[in-house]
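One-letter residues, chain by chain:
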Amino acid sequence: MERDHMKDLRRYLVLKYIQYLVLSSSYAISTFLGLLGSLYTIIILQSAKVSSKSTAVLISSLAKADILVSVSVVSEMVVWTFDVSISSTAFTSALQQNLLTANTHISCLLLSCVAFEAYLITFFPTESRRLRTVKKARLTSRIIWILVTAECALFQMDDLLKASSTSAPTHSPCVLLFHFSSTAAALLRSLSYFLGILLRIVNVYIYYKIFFSMSNRSTLKTK
């Protein structure tokens, strides 16, 4: 018998929802399972048997986001293995954290896009066909990656300026840049925090509506 890859993709989505939208913080076991699931998903999405729909595009982008986790893990292993300077350690530590943050934000946004698409398919299957295209899914994924990459760059710059601010003169341009980046990073972190809470609530509501809609349809069919 041939393996049902669509069931595998649904299991992968459940794993990712638990990892990013249920668990309050990341754990080693969930991160490891997530990496394995992403690797397997990337492999099966190369198969011609898996339909190339907008959902598959979003899931593919979700799986590729775990590359950031892999880079963070590899960089941490390099720091442990080789003798590096204190400044390099501070840079690498900040980069690792920012990569993990970028991975979390990309994953949460893409999972929310998948949930929204599931909502459209369930309640507006005909009306939403123009929205649920491969082209628009790729555009959405690209926009999410660009925005989160810019966020990651701002956080990294803020961390680097904090590390070098002690040695900079009081009235140097670096101090002004430090204050600007620090304020922007603080605002962005606050926005990301509240957006994360909002996405959790919206995802719960969407799947609540979908679950009871499917339950009502099953009940009507059995009558």
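Note that the structure is predicted; figures quoted are calculated from it, not measured. (Residues numbered from 1 in each chain as written. Predicted model: local features only at pLDDT ≥ 70, side-chain atom pairs only at ≥ 80, totals over all residues. Heavy atoms only, no water.)

## Quick look at the environment of Ser 38
Phase 1 of the analysis: The topology assignment puts Ser 38 in helix H2 (residues 28-44).
Phase 2 of the analysis: Looking at Ser 38, the relative accessible area reads 2%, which means it is buried.
Phase 3 of the analysis: Taking the C-alpha atoms as reference points, Ser 38 and Ser 61, 23 residues apart in sequence, are found 9.8 Å from one another.
Phase 4 of the analysis: In this view, Ser 38 contacts Tyr 12, Lys 16, Ala 63 and Asp 66; residues no more than four positions away in its chain are not counted. (Helix = DSSP H or I, 4+ residues; strand = E, 2+ residues; numbered from the N terminus. Buried < 20%, exposed > 50% of the residue type's maximum accessible area, 1.4 Å probe, protein only. Contact = heavy atoms within 4.5 Å.)

## Comments concerning the UniProt feature "transmembrane region" (unreviewed entry) in the protein
Phase 1 of the analysis: Those places that UniProt annotates as "transmembrane region" (unreviewed entry) correspond, in this numbering, to residues 20-45, 102-125, 137-157 and 186-208.
Phase 2 of the analysis: Helix makes up 92% of residues 102-125 and strand 0%. Its end C-alpha atoms lie 32 Å apart.
Phase 3 of the analysis: Between the end C-alpha atoms of residues 137-157 the distance is 30 Å, and the span holds 100% helix and 0% strand. (UniProt positions renumbered as here; feature names shortened; annotations may be inferred.)

## A word on the nonpolar core
Phase 1 of the analysis: Among the nonpolar cores identified, the biggest contains 32 residues, and Leu 13, Tyr 17, Ile 59, Leu 62, Ile 106, Leu 110 and Leu 111 are the most heavily contacted of them.
Phase 2 of the analysis: Secondary-structure elements contributing two or more residues to this core are helix H1 (5-22), helix H3 (54-64), helix H5 (86-123), helix H6 (134-164) and helix H7 (173-222).
Phase 3 of the analysis: Per-element tally for this core: the top contributor is H5, with nine residues.
Phase 4 of the analysis: Excluding its chain neighbours within four sequence positions, the residues that come into contact with Leu 111 are Leu 13, Lys 16, Tyr 17, Tyr 20, Leu 21, Leu 62 and Asn 203. (Core = buried A, V, L, I, M, F, W, Y, C linked by side-chain atoms within 4.5 Å.)

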